[in-house]
Structures are given as structure tokens and as C-alpha cells.
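If you want the building blocks of each chain, they are given just below.
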Amino acid sequence: MNMADFGEILKSIGDFGLFQKLTLMALSIPNFTQSFMLASFIFIESDPERHCNTDWILQAAPNLTTEEQLNLTLPREKDGTFSRCQMFVPVDWDIGTIRKYGLNETTGCTNRWVYGNMLYEATIVTQFDLVCGQTHLVGVIQTVFLTSVVLGSLLFGPFAESFGRKRATQIPSIIMFVFTVTTAFCPNVYLYLASLFFMGLGAGGYRVNCIILSTEWIGMAKRSWGACVVQLVASVGQCVLAGVLYAIRDWRIAQLITSAPVAAVTIYIWFIPESARWLLSRGRTEEAKQLIVKAAAINKKPVPHSLLDKIVLNNTPSNGGIKIIFRSPLLTRYFLTVTMAWFSINLCIFCLYLDMGSLGFSIFVTQFLFGVFEIPANLLSMWLLEIWGRKILFISTILTGGIASILILAVFQDYPVAVTSLAVIARFFLIWGSSVTCIYMQELCPTAVRQTATALGSISGRVGGLLAPLLNMSAVFHWVIPIMVSSSLTIISGLLGFLLPETKRKELPETAEDAENNRNPTQAASFQPSESTEL
């Protein structure tokens, strides 16, 4: 006798009852503050008004006015303004001699900078003096964080296949909390980089695993909610982030606020249930049976004895790793198509997001619009995925996002309202497309490699985000290059969607054969629960 299909098990115990809803919301909460983790290097002024700190001259003349001090200690640029990066070499003369002969020898700033006319009270640029010869460190910081997110997905994706979805969410959540706190207290940029790296490692590992863990407990009718609710919570966080930073203007305080929800997660994450699908795929049927009974009890559903008997009779774990996909030309095509889309979407999103300050509007308004328009994108995704299906939304959202992005080239630098509107529209459809992409990857891959395949897809997306700041640097050669490259790749990815099958209302494949056949519910193992035998 074969094991009861897990889709049929979920139908019997409740495929989206209280158990699934509680699990989904508990796993989604940390994503509310994940956008806050970008705040310290997004909400900055890369070239703030400043001059070298020349208080050394006050030892010779404590009563100098600020204007006199600057006139005596700073050289001027060709346009008549004071130098932002140079000062006169300090001397031990008296003030009369300095006024009579003046100072001529210049040097770089030796005692930090004095900043003025700031949009923020404190940023990493002003506190770590990432100006003049240190400006490149802002790009390094972005790259380090995005690299660590990639490594987090790479490390904890396969980890989840061997040690379980539950452990692969618990460990990253602890890492994320610890280093979110330590980042706020870093005294210099090098410790900040190290702490940021580990924070990103935890964030990358948690995001990819929480989606899989929630999705594997949800039946096919609401399966898209696993990814969409996570995205929805993150979108609400985007909106709140704009308001928090507008009110606070201090990156360290914002960083500590980020840690508060994550602290709560580190307490309850130990009570999150393991994926019964994963347990069954590893042959751990007794543990799976206990969780199924627990889920049924919370959902107030009876569990037939015959169902549990069928579960126990199967004890053959699935192995093979990611090679399962690459042994099949068809699954390889599906995997590479979705992976390229994931890469292109994130490349385009981050090219727009990391260059948000140059789009024309207030950075707070743009951030809020980015977040607020993501909310309907995710709500529409949750609704229309179950009506129109995956394929049509995959193609239409990615194509529309890419076209809106490339249209920025027609109006860039001339009409800030139009540029911001197109950027928001592009982000709206690309965020929508990213939800579809995540769901597609899970529904196209068998259980034994679902987590690894999704992690690799997520990694390709993170690599796209990682390359975004480097691609934005190519704007020094011509400002159209970043948008042209990212938009073109996105459009191509949307067109490749025609190669994918439809997976709406089809059971998650348990084996490679199921995935190749793209099975319908009728193809799954037939099981009718008995009403007369209950626990």
C-alpha cells in the first residue's frame, strides 16, 4: 500500500486552518523589519555639505568667528567655495602671524569633518566619515550586505534539506537578532561591515526558509499565500520604515528599533512546527504523524486511523540532492527559466532602489510609495494566482515591470514626477512577479530538492541585487546603461515564461516523475478519509 498523498492528508486535517494561519503569521513577522536592515546604507547623503574640522586654530584665538576660522584655515575651490576635503596644514604660530602671512600648504582633513545642512541627524556617512577618499566604502557596504544575504541563502538552503526547515529558520533568526543589535553599536566602519555581514547572513537564510516551511503546510487552494503573505508583511514594513526614519533621522536608533520584533521571534521560533512533508521525505514517519495529529487538533479536524496507517507504511527517504533536477532536461529548463527571472527581477528592483535618491522626489516619499504600492501588488497576487494561474501572471507582471523600467529612459532627468511614477510602477509589477516566481519554483520542484532549488533561485535573485550597485556604477560612462541592461534582462525573462507549464491547483510534486508530469489533483494518490474511524 502506498503512502497517502500529502495533499490528501491536508484535505483531511484542514489545508488552511488555524494551525496553518498561526504558523504563517509567526514566520512572516521578521520580514516586517527586513527592509529596516537596508536603512543604514540607503537613507544617507552620499555627498553632504562639510568642511575639515580646523578647531586647532582656536588654541591661538578662542574668540574667532566661524567665518574667520574658515577663511584662515581652509583653501577655496575654483568656484569660491571652501574646500570639502582639504585644509591648510596646522602651525603653532600666534594668530597675528597667521593673519599677516597666511597659510599656503594644504593637506587632507586630519581631524574629521564638520557637517552642515543635513537631512538626517546621524548617518553612517557622517559618523564614519565616508567622504572624500572614503566614499567608495558606501558601495562596499552595499556589496558586503548583499553578498552576505546570498551566502545566507546558499548556506541555509541545503542545510534545510539535511537538518530540517525548522532548524534552518531558528538558527538564522538568532544570528539576525544578535547582529542587528551589535550593528547599532559599532564604533567604526570595519566593525560595522563585519556585523552587517552576519546580519545579512541571518536575513538571507531566514527569508528563504520561512517561505518553504509555511508553504509545505498549506493546501493547494491557498498555497500561494505562503510566499505572498511574507511579501505583504515586508511591504507594510517598507511603508513604516519611511515614517520611522522621517521621525527619527538617526540610523543607530532605527537599527535598534529593527531588533525589537526579531527579539520576540527568537522566543517563539522554538515552538514553530517542522515540515511534515520534509519529515516524510526523510522517512521520519512517526514524527510526521505526531505533527499531523497536532495540526488536526488545532484545526479541530478528526484524523482517520486508516490515514495514519498509510503514513506509517512508507519509510523510504528520498535522496539525490539537486542532481534530481539536472538529470531531467525538462526540469532543468524549468529551473533555469525561473532562476533567470529571479535574477533579472532583483537586478532591476535594486538598480532602482539603490539609486532612489536620484529619482527626483523626496527620498522619504519615494520610499513610502515603493512600500505602499507593494501592498496591492501582493494582495492582487494572492487573489489572481488562484484565478488566472501562475503562467499568465509570471509573463505579464515581469514584462510590464521591465517595460515600465525601460520607459524611464524617455523621461529621466527632465520630469521627476514621471520618473518616480514609472519607477513605482516598475517596482509594483516586479514585486508582484517576484511572488509568482517564488511560488513557481516551489511548485515545479519535487519535495526532496524543493528547499535547495528555492534557495538556489533565491541566491540568483540575491546575486542580481548584489550586482545592482556595481551596475549602477556604470552610469559614470553613460546614465542609460544601468536601466537599459536591467530592464532588457527582465523583458527577456518575461518572454521565457512561455516555456513554463501551468501549476495552478496542482499538488506539490513529491518525486521527479510527479514534477515532469506536472500532475493534476486527480493524478495524486486517491484517498477518501473515513468518517467512522477517528482518534
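Values in this document were obtained by computation on a predicted structure and should not be read as measured data. (Residues numbered from 1 in each chain as written. Predicted model: local features only at pLDDT ≥ 70, side-chain atom pairs only at ≥ 80, totals over all residues. Heavy atoms only, no water.)

Caption draft 1: Quick peek at empty space enclosed by the protein. For the coordinates displayed, the defined rule picks out three cavities of 30 Å³ or more. Taken as a whole, the largest cavity holds about 600 Å³ of empty space. Around the largest cavity, the lining comprises 29 residues; the ones closest to its centre are R207, Q231, N346, F350 and R462. Going through the elements one at a time, α7 (136–163), α9 (189–215), α10 (225–248), α16 (329–353), α20 (416–444) and α21 (447–473) are the ones with two or more residues in the lining of the largest cavity. Partitioning the lining of the largest cavity into residue classes produces 15 nonpolar, 10 polar and four charged. (1 Å grid on protein atoms, 1.4 Å probe; cavity = no way out; pocket = protein on both sides within 12 Å on 5 of 7 lines; lining within 4 Å. Points joined across faces, edges and corners; volume = space filled by probe spheres on them. Helix = DSSP H or I, 4+ residues; strand = E, 2+ residues; numbered from the N terminus. Nonpolar A, V, L, I, M, F, W, Y, C, P; charged D, E, K, R; others polar.)

Caption draft 2: Structural context of the packing of helix α8 (residues 165–184) against helix α11 (residues 251–268). With their axes 8 Å apart at the nearest point, α8 and α11 run at an angle of 155 degrees to one another. As judged from the angle between their axes, α8 and α11 are roughly antiparallel. Pair α8 / α11 crosses with left-handed handedness. Where α8 approaches α11, its residues S173, I174, M176, F177, T180, V181, T183 and A184 are matched on the opposing element by W251, R252, Q255, L256, T258, S259, V262, A263, V265 and T266. Looking at the contact of α8 with α11 residue by residue, the classes come out as 10 nonpolar, seven polar and one charged. (Axes fitted to C-alpha atoms, helices over the stretch in contact; angles between N-to-C directions. Parallel < 35°, antiparallel > 145°, perpendicular 65-115°, else oblique. Left-handed = near helix turned anticlockwise from the far one by under 90°. Contact = heavy atoms within 4.5 Å.)

Caption draft 3: Focus on the pattern of salt bridges. Throughout the structure, instances matching the rule amount to eight salt bridges. A salt bridge links E68 to R99, with the nearest nitrogen and oxygen atoms 3.6 Å apart. Placement of the pair is E68 in helix α4 (residues 66–73) and R99 in helix α5 (residues 95–101), with a sequence separation of 31 residues. Note on E68: relative accessible area 34%, which makes it partly exposed. (Salt bridge = Lys/Arg side-chain N within 4 Å of Asp/Glu carboxyl O. Buried < 20%, exposed > 50% of the residue type's maximum accessible area, 1.4 Å probe, protein only.)

Caption draft 4: Structural view of a nonpolar patch on the surface. Among the surface-exposed residues, W383, I387, W388 and I392 lie close enough to one another that they form a single nonpolar patch of about 460 Å² accessible area. Within the element layout of this structure, I387 appears in the loop between α17 (363–384) and α18 (390–406). We classify I387 as partly exposed; its relative accessible area is 41%. (Patch = residues over 30% accessible without salt bridge, like charges linked within 9 Å, V, L, I, M, F, W, Y side chains within 5 Å. Areas by Shrake-Rupley, 256 points an atom, 1.4 Å probe, with all protein chains shown as cover.)

Caption draft 5: Molecular detail of unusual backbone geometry. Positive phi, close to 55 degrees, is recorded for D129, a residue that is not glycine. Mapped onto the elements, D129 comes out in the loop between α6 (124–127) and α7. The residue K300 is not glycine, and still its phi comes out positive at about 60 degrees. Relative to the helices and strands, K300 resides in the loop between α13 (285–298) and α14 (305–312).

Caption draft 6: Representation of the packing of α16 against α21 in the model. Look at α16 against α21: their axes get within 7 Å of each other, and the N-to-C directions meet at 35 degrees. Both α16 and α21 take part in a crossing whose hand is right-handed. For the contact of α16 with α21, the residue count by class is 12 nonpolar, 10 polar and no charged.

Caption draft 7: A look at helix α2 (residues 18–32). The end-to-end C-alpha distance of α2, which contains 15 residues, comes to 21 Å, matching closely the 21 Å that a straight helix rising 1.5 Å per residue would cover. For α2, the set of buried residues is F19, Q20, T23, L24, A26, L27, S28, P30 and N31. Summarising the contacts, the buried residues of α2 are in contact with α1 (6–13), α8, α9, α10, α11 and α13. (Expected span 1.5 Å × (residues − 1).)

Caption draft 8: How the structure looks around the state of the cysteines. Per the counting criterion, the structure on display carries two disulfides. Here C52 engages in a disulfide with C109; their sulfurs sit 1.7 Å apart. In this structure the cystine formed by C52 and C109 twists about its S-S bond by roughly -65 degrees; its chirality is therefore left-handed. Taken together, the residues span a long stretch of sequence, with C52 in strand β1 (residues 49–52) and C109 in the loop between β3 (106–108) and β4 (113–116) at a distance of 57 residues. Under the relative-accessibility criterion, C52 is labelled buried at 0%. At a sulfur-sulfur separation of 1.9 Å, the disulfide partner of C85 is C132. Disulfide C85-C132: torsion about the S-S bond near -90 degrees, hence left-handed. Here C85, found in the loop between α4 and β2 (86–88), pairs with C132, found in the loop between α6 and α7; they are 47 residues apart in sequence, far enough to count as distant. According to the relative accessible area criterion, C85 is partly exposed, its value standing at 26%. Across the protein chain, the way the bonded cysteines pair up, counted in sequence order, is 1-3, 2-4. A disulfide-free cysteine, C228 has its sulfur positioned 8.7 Å from the sulfur of C438, the nearest such atom. Here C351 is not cross-linked by a disulfide; its sulfur's nearest cysteine counterpart is in C348, at 6.8 Å. (Disulfide = S-S within 2.5 Å.)

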